[in-house]
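Next come the chains, spelled out residue by residue.
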Amino acid sequence: MAELDRFRHLAFDEIPSTNSEALAAARAGDPGHLWITARRQSAGRGRRGRAWTSVDGNLYASLLLIEPAPLLALQSLPLVAALAAHEAVASALPLGIEARIKWPNDILIEGRKAVGILLESEELPDGRRAVVAGIGINVAQAPDHGLYPVTSIRELGGTLSADEVFAHLYRSMAAGLSLWNRGEGLRAIVAAWRSRAAGIGERITVNLPNGSLSGTFENIDEEGQLVLRDDGGAHRLISAGDVFFH
Ligand code: BTN
C-alpha cells in the first residue's frame, strides 16, 4: 500500500483538543494512522500541563499511531514529528526566512516560537499502545503562551492557509514515518534534526521539574536526549525540560 494511503483524516470545526479526540478514538478501537484536525480547540493542551490557546486560522492536528514501534524506538518519534513540522513550516515561509527546531520539538521562526508539539502515549485496555503526536502551528495568529516570544507564518509573510500547511504536514509526516519504520533511518533522522536545530554549541539554561541546569548545548543523542556540558565539564543527558538561550 502506498504510504500516504495508510492515513485517514477526520476534520472538525471545534472540539476540546485534537489530542484528546485522538486518544478517545484509540480507546474506542481505532486502528491508528488517523489524523484529527480542528479549526478551533476549546481546551487545547500544551506541554507540562500548560494550555494551548487555539484561535481560528491556526493549525491544530494530531496523528494517532497504534503500536508504532518498540518502546525504545518511541523515544525518537518526537524527532520525526519535529522534522515533519519543520518541513511544513519551511515550505510555507517566503525565501530567506529561516525556521529552526528548538529542543525538544518546538519550531522557531526567526528565533520566535511558531509551533508546539505534544506527544502523548497511553496503554489501551486491550494491551496495545496508542501514541498521539499533537502539532499546533501558528499559521495566521500568534497567541501569547507566556513562556517564549511567539510569531506566526503570516506575520513573516507566508500566505498559506491552515489547510494548505496541513497538506504539507500530512506528506512530510508520512515520509518521515516511513524512514523511521526502517530502523536504519534513525541515523538520518538524527542528522537531519541536528542540521535544523537552534542553539547547538551555544550556552543554554534548561529548566527542569526540580531546578535548572546551565551549560553548552553539545548535541542530541539517538534517543533524542539533549547532551549538555555543564560548567564543571560533565556531560548531562536531559530527556525533558524547557530550553532558554542566553
Ligand atoms: C507546547 O506546549 O508547546 C505543545 C503545544 C501542542 C499543541 C497542539 S495543538 C494540536 C494538539 N492538541 C492539543 O490539545 N495540543 C496539541
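Just so we're clear, the structure is a prediction, and the values are computed from it rather than from any experiment.

(A) Quick peek at the sheet that holds strand β8 (residues 203-208). Strand order in the open sheet formed by five strands is β11-β10-β9-β8-β12, with antiparallel pairing between adjacent strands. The sheet is open, and its two borders are formed by β11 (235-238) and β12 (242-245), each paired with just one other strand. For this sheet, the mean angle separating the axes of adjacent strands, direction not counted, is 45°. Bridge count for strand β9 (residues 211-220) against strand β10 (residues 226-230) is five bridges, and the pairing is antiparallel. Opposite Ile220, over in β10, you have Leu226 as the bridge partner.

(B) Here's a closer look at the sheet that holds strand β5 (residues 106-109). Sheet architecture is open: seven strands sit in the order β1-β2-β3-β7-β6-β5-β4, paired in mixed fashion. Whereas interior strands pair on both sides, the edge strands pair on one side only; in this sheet they are β1 (8-15) and β4 (99-102). Taking each pair of neighbouring strands and ignoring which way they run, the sheet shows an average axis angle of 20°. Of the strand pairs in this sheet, strand β3 (residues 59-66) and strand β7 (residues 129-137) are connected by eight bridges, and their pairing is antiparallel. If you follow Leu65 over to β7, its bridge partner there is Val131.

(C) Local environment of the site of the ligand. Residues in contact with the ligand amount to 20 residues; listed here are only the nearest, Ser17, Gly46, Gly116, Gly134 and Gly136. Those elements that place two or more of their residues in the shell around the ligand are α1 (18-27), β3, β6 (112-123) and β7. Within the shell around the ligand, the residues separate by chemical class into six nonpolar, 10 polar and four charged.

(D) A look at the pairing of β5. Taking every second residue as pointing to the same face, both faces of β5 are buried, with Asp106 and Leu108 on one and Ile107 and Ile109 on the other. In terms of strand pairing, β4 meets β5 through four bridges, oriented antiparallel. Directly across from Lys102, in β5, lies its bridge partner Asp106. Once β4 ends, the chain turns through three residues before running back antiparallel as β5. Summarising the sheet, β5 and β6 pair through three bridges and their orientation is antiparallel.

Basis of the calculations
Residues numbered from 1 in each chain as written. Predicted model: local features only at pLDDT ≥ 70, side-chain atom pairs only at ≥ 80, totals over all residues. Pairing = 2+ DSSP bridges. Helix = DSSP H or I, 4+ residues; strand = E, 2+ residues; numbered from the N terminus. Axes fitted to C-alpha atoms, helices over the stretch in contact; angles between N-to-C directions. Near = placed C-beta within 6 Å. Nonpolar A, V, L, I, M, F, W, Y, C, P; charged D, E, K, R; others polar. Buried ≥ 20, exposed ≤ 12 C-beta atoms within 10 Å, placed from the backbone.

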